[in-house]
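Summary of structural features
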Amino acid sequence: MEAHPPRTSLWNDPKARGIIFQALLVAVLSYLVFWIVRNTIGNLEKQNIASGFAFLDTTAGFGISQTLVSYSETSSYGRAILVGFFNTLLVAVVGIIAATILGFVIGIARLSNNWVISRLAYCYVEVIRNIPLLLQILFWYVAALRSLPSKREEPLSLFGLVDMNVFGLWGPKPIFGEGSSTAVIAFIAAIVITIFMRRWAHKRQDATGQQFPVGWTTLGLIVGLPLLALIVTGFPISFEWPVFVDTGPVFGRGFQLGVGLNIIPELVALTLALSIYTASFIAEIVRAGIQAISHGQTEASHALGLRHGPTLRLVIIPQALRVIIPPLTSQYLNLTKNSSLAVAIGYPDLVATGGTVLNQTGQAIEIIGIWMLVYLSLSLTTSGLMNWYNQRVALIER
Amino acid sequence: MKTKFLPVVLGAALGVAATGANAAKLDDVKAKGFVQCGVSQGLPGFSNPDSAGNWTGLDVDFCRAMAAAIFDDANAVKFTPLSAKERFTALQSGEIDVLSRNTTWTMSRDTQLGLNFAGVTYYDGQGFMVRKSLGVTSALELSGATVCTQTGTTTELNVADYFRANNMPYEIVAFEKNDEVVQAYDAGRCDVFTTDASGLYAERLKLTNPGDHQVLPEIISKEPLGPVVQQGDDQWFNVTKWVYFALINAEEAGVNSANVDEMKSSEDPNVKRLLGTEGAFGEAIGLSNDWAYRVVKHVGNYGEIFERNVGPDTPLGIARGLNALWSKGGIQYAPPVR
């Protein structure tokens, strides 16, 4: 005889009960959200406060000191916010790259056998990570501004390439003439070829044990192909140098606006402060990651006959990366979000331009919504990319 | 700044979400016992804490006048320092009762933000300040200049209009706080500092060598500054409006803080109606009949407030100009109490 389980009521079935409770929770939460939204819209109308996103199309009427996409006073508020978004993106990308390089160097220096180097790295980490970031930004901005030559004085020259004064850095601006797209295509082609070449070399080594000079070939391809393309097209890239004038009408003196490449001091100060600050945390993460790999691994690979370089590259770093990547992702996210401290020094980032739009239109809720959405998407994209990379380097058990 | 800005705005968002337009502000204010007044973060002559930490200035005195009219006590007022960016949200959310913060009356602010401007306590205009060493005498010579200003102000828009209208290239650097603008200008980050002319005189005092800087003669905009209240509460709007009118009317009638007690026995019907010895004008706006007497007794009339805070004998040294009474060549004018 078959044993039927006794029929239970839906209420006493743990599975059904779980579903009922969760559905109830979702219903209550969505009603709460709906209530807040409806109430807000109702009250905004009652108080005669304009709402909606129509303001994004109206003329902004204010100027912005750094614009990566074309913008003028007659552009719209939406465009102004877009300018701010790209400025934030610029700081985040440059900051992340600089902080990663500096952080890895300091982190490895911290493990150096040389007493002076390791102590210096130690001092760097302890001093920088214990001073509030806002103070560091103000330090770079105020200290740099006060000590640099003024607009009309002889600028400070670095290796004859870059000039510095209170208006920031001035350098040559590359002008891409006709045919320079060939070089870009060559560069992309070089990357694609490199990927296939590496796969092929890997397979061949697995099959035959023969090694292929992957590093040198990669360097040759990435540098050589675009260079070749440039030579063939007859160097279409030229440089526009900044022009310094010290005679004529008083506001015409100094570097000419719009000639050459000008990096505003706000950007310099913000990027410096952000990358130096974040690098001190990355250095500790890198040190922790390397120290997490037991010394036996190094000894074992030495015993197998691997030299010091390949030991580090093939044994230690791949394992250390597993420990390093997750906290490194948090630092990248922190850096991106900390870039909003730009308002303190007048760098026109998303929060600064959005704030101006907010004040000119008075539509606080919409602007805050845009801010949150943009920072959330930026952060989710970053962590998505880093998680994908983390999966690639994660331990694959066989 | 950022640290204070977010709570205010979030508070506003939640405040707007949770509470509706509340009706009788005057009753609320009477119940809590003080006026919550939004002021600037420090602008000498208008709203600035003195060495003892007391708020002083023309905008501050207006709030004190309101407190005097309601409570017969010029100190029944609490001040909330606000940046240009925070000010309207703080008022919309009801965090402050009145905004008296050198705020320019414009059409969009009056009509789109759910706010009402109660009057013009100071007629201002935007000007430029430059270093004397540049040898510039007119704003029309500023082609190619770098201009520092505060974000979220009408100033930022006017300067863009002015340079565009005169076909002059320029570069703008905008900061969140006034002090940051002054610091950047002092450090030479920009050639020109622009804000309301009254503000230029006030900020010049903060520079390392005030004597090295000059204010150019051009005034490029109309900047009527005045107190602002929330829309939808006519009684509170009336109280704010008539406290301002009382200040002007008192000066016009020759009533000041020194002679207001004698004036109570004056035979002039204008003075009698103003000081509440005749008629019941105060009760009609929910105050006592001697409301204007209280204002003048504790704070003085408009002329006294002006002279005390920004007049020729103060460090700012601003002449009455447009802000003189209409009967003395200015445009300060108030409807009669009748």
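Residues numbered from 1 in each chain as written. Chains lettered and ligands numbered in written order. Predicted model: local features only at pLDDT ≥ 70, side-chain atom pairs only at ≥ 80, totals over all residues. Heavy atoms only, no water.

Moving on to the overall build of chain A. In terms of helices and strands, chain A carries 11 helices and eight strands. Here the C-alpha radius of gyration of chain A, 28 Å, is well above what a compact globule of 398 residues would show, namely 21 Å. For chain A, the spread of C-alpha atoms along the principal axes amounts to about 110 × 80 × 50 Å. Within chain A, contacts between residues at least 6 apart in sequence are counted, and of these 65% link residues at least 24 apart. On chain A, roughly 22,900 Å² of surface is accessible, and the fraction owed to carbon and sulfur atoms is 68%. Taken together, the 25 basic and 19 acidic charged side chains of chain A have centroids lying 10 Å from each other. (Helix = DSSP H or I, 4+ residues; strand = E, 2+ residues; numbered from the N terminus. Rg over C-alpha atoms; globule rule 2.2 N^0.38 Å. Contact = heavy atoms within 4.5 Å. Areas by Shrake-Rupley, 256 points an atom, 1.4 Å probe, with all protein chains shown as cover. Lys, Arg positive; Asp, Glu negative; His and termini not counted. Charge placed at Lys NZ, Arg CZ, Asp CG, Glu CD.)

Interface size is often expressed as the accessible area that is lost when the parts come together. All names here are of chain B. Domain parsing of chain B yields domain 1 (25-123 + 225-328) and domain 2 (125-223). Computed over C-alpha atoms, the centres of domain 1 and domain 2 are 29 Å apart. Each side of the interface is counted separately: domain 1 has 19 residues, and domain 2 has 18 residues. Contact between domain 1 and domain 2 buries roughly 1,400 Å² in total, counting both sides, with carbon and sulfur atoms accounting for 57%. Summed over the shared surface of domain 1 and domain 2, the number is one salt bridge. Two residues, Glu176 and Lys85, come together in a salt bridge whose shortest N-O distance is 2.9 Å. (Domains from an automatic or database assignment. Buried area = accessible area lost by both parts, 1.4 Å probe. Salt bridge = Lys/Arg side-chain N within 4 Å of Asp/Glu carboxyl O.)

Residue and element names in this part refer to chain B. Burial within helix H8 (residues 197-204) is extensive, with six of its eight residues counted as buried. What H8 keeps buried is the set Ala197, Ser198, Gly199, Leu200, Ala202 and Glu203. Summarising the contacts, the buried residues of H8 are in contact with strand S7 (122-124), strand S8 (126-131), helix H7 (178-186), strand S11 (192-196) and strand S12 (213-215). (Buried < 20%, exposed > 50% of the residue type's maximum accessible area, 1.4 Å probe, protein only.)

To continue, consider the nonpolar core. Core analysis: the largest hydrophobic core is formed by 61 residues, its most contacted members being Phe79, Tyr122, Val255, Leu275, Leu287 and Val310 of chain B. With near-sequence residues (within four places) excluded, Leu275 of chain B lies in contact with Val255, Val260, Met263, Lys264, Asn289, Asp290, Ala292 and Tyr293 of chain B. Counting 50 residues, the second largest nonpolar core, distinct from the first, contains Trp170, Ala273, Leu274 and Ala320 of chain A. (Core = buried A, V, L, I, M, F, W, Y, C linked by side-chain atoms within 4.5 Å.)

Enumeration according to the criterion identifies 23 aromatic pairs over all chains in this entry. A centroid spacing of 6.4 Å and a plane angle of 55 degrees characterise the contact between Phe55 of chain A and Tyr77 of chain A, whose relative ring orientation is tilted. Of this pair, Phe55 of chain A sits in the loop between helix H1 (14-46) and helix H2 (77-110) while Tyr77 of chain A sits in helix H2, and the two are 22 residues apart along the sequence. Accessibility expressed as a relative area gives 6% for Phe55 of chain A, which makes it buried. Ring centres of Trp55 of chain B and Phe79 of chain B lie 6.0 Å apart, and the angle between their planes is 40 degrees; this geometry places the pair in the tilted category. Of this pair, Trp55 of chain B sits in strand S3 (residues 55-56) while Phe79 of chain B sits in strand S4 (residues 77-81); the two residues are 24 residues apart in sequence, bridging distant segments of the chain. When the ring centre of Phe34 of chain B is taken as origin, the NZ or CZ atom of Lys78 of chain B, which lies over that ring, is 4.2 Å away. Positioned above the aromatic ring of Phe167 of chain A, the side-chain terminus of Arg189 of chain B is 5.2 Å from the ring centre. (Phe/Tyr/Trp six-rings, centres within 6.5 Å; stacked < 30°, edge-to-face > 60°. Lys NZ or Arg CZ within 6 Å of the ring centre and 35° of its normal.)

Contact residues are listed per partner, giving 54 residues for chain B and 52 residues for chain A. Two residues, Arg189 of chain B and Glu266 of chain A, come together in a salt bridge whose shortest N-O distance is 2.9 Å. Taken together, the links from chain B to chain A amount to six residue pairs in polar contact (both at pLDDT 80 or more). Of all the elements in the fold, those that place two or more residues in the side of chain B that touches chain A are helix H1 (2-18), helix H4 (87-92), helix H5 (107-112), helix H6 (154-165), strand S10 (171-175) and H7 of chain B. Per element, the largest residue contribution to the side of chain B that touches chain A is eight residues, and it comes from H1 of chain B. Residues belonging to the side of chain B that touches chain A are distributed by class as follows: 24 nonpolar, 17 polar and 13 charged. (Polar contact = N/O pair within 3.5 Å; in protein donor to acceptor, adjacent residues only side chain to side chain. Nonpolar A, V, L, I, M, F, W, Y, C, P; charged D, E, K, R; others polar.)

Residues and elements named next belong to chain A. The sites that carry the UniProt feature "transmembrane region" (unreviewed entry) are, in the present numbering, residues 19-37, 49-69, 81-109, 121-143, 175-197, 218-239, 259-283 and 368-389. From the first C-alpha to the last, residues 218-239 spans 28 Å; its make-up is 73% helix and 14% strand. Between the end C-alpha atoms of residues 259-283 there is a gap of 39 Å, over a span that is 76% helix and 12% strand. (UniProt positions renumbered as here; feature names shortened; annotations may be inferred.)

Further remarks concern the sheet that holds S12 of chain B. Residues and elements named next belong to chain B. The strand order S10-S9-S11-S8-S12 describes an open sheet built from five strands, whose pairing is mixed. Strands with a single pairing partner mark the edges of an open sheet, and in this sheet they are S10 and S12. Direction aside, the axes of adjacent strands within the sheet are offset by 25 degrees on average. The sheet contact formed by S8 and S11 spans five bridges and is antiparallel. Considered in S11, the bridge of Met129 is made with Phe193. The strands that H6 touches are S8, strand S9 (146-150), S10 and S11; relative to S8, the one it contacts most, it runs at about 75 degrees. (Pairing = 2+ DSSP bridges. Axes fitted to C-alpha atoms, helices over the stretch in contact; angles between N-to-C directions.)

Taken as a whole and judged by the stated rule, the model has six cavities of 30 Å³ or more. The space that makes up the largest cavity amounts to roughly 120 Å³. Forming the walls of the largest cavity are 14 residues, and the residues nearest its centre are Gly63 and Pro348 of chain A together with Thr151, Glu156 and Ala174 of chain B. Contributions of two or more residues to the lining of the largest cavity are made by helix H10 (350-361) of chain A together with S10 of chain B. (1 Å grid on protein atoms, 1.4 Å probe; cavity = no way out; pocket = protein on both sides within 12 Å on 5 of 7 lines; lining within 4 Å. Points joined across faces, edges and corners; volume = space filled by probe spheres on them.)

Let us look at the environment of Thr182 of chain A. Residue and element names in this part refer to chain A. Positionally, Thr182 belongs in helix H5 (residues 180-208). When the C-alpha positions of Thr182 and Gly63 are compared, they lie 36 Å apart, and in sequence the two are 119 residues distant. When sequence neighbours within four positions are dropped, the list of residues in contact with Thr182 reads Ala229 and Thr233.

Residues and elements named next belong to chain A. At a minimum axis distance of 8 Å, the contact between helix H7 (residues 265-291) and helix H9 (residues 308-338) shows a crossing angle of 155 degrees. Judged by the angle between their axes, H7 and H9 are roughly antiparallel. By crossing handedness, the relation of H7 to H9 is classed as right-handed. Contacts between H7 and H9 involve Leu274, Tyr277, Thr278, Phe281, Ile282, Ile285, Val286, Gly289 and Ile290 on the former and, on the latter, Ile316, Ala320, Val323, Ile324, Pro327, Leu328, Gln331, Tyr332, Leu335 and Asn338. Residue composition of the contact of H7 with H9, grouped by class: 15 nonpolar, four polar and no charged. (Parallel < 35°, antiparallel > 145°, perpendicular 65-115°, else oblique. Left-handed = near helix turned anticlockwise from the far one by under 90°.)

With that out of the way, let us pick up the layout of surface pockets. Empty space among the atoms can be located by rolling a probe the size of a water molecule over them. Estimated volume of the largest pocket: approximately 1,300 Å³. Those elements that provide at least two residues to the lining of the largest pocket are H5, helix H6 (214-233), H9 and helix H11 (364-393) of chain A. At nine residues, H5 of chain A tops the list of elements feeding residues into the lining of the largest pocket. Partitioning the lining of the largest pocket into residue classes produces 15 nonpolar, six polar and seven charged. Both domains that meet at the lining of the largest pocket, namely domain 1 (27-163 + 258-362) and domain 2 (173-240) of chain A, each give it at least three residues. Considered as a void within the structure, the second largest pocket measures approximately 970 Å³ in volume. Considering the residues around the second largest pocket, the lining is formed by 35 residues, among which Ser65, Gln66, Thr67 and Asn262 of chain A together with Glu171 of chain B are closest to the centre. Broken down by secondary-structure element, the contributors of at least two residues to the lining of the second largest pocket are H2, strand S3 (168-171), strand S8 (261-263) and H7 of chain A together with H6 and S10 of chain B.

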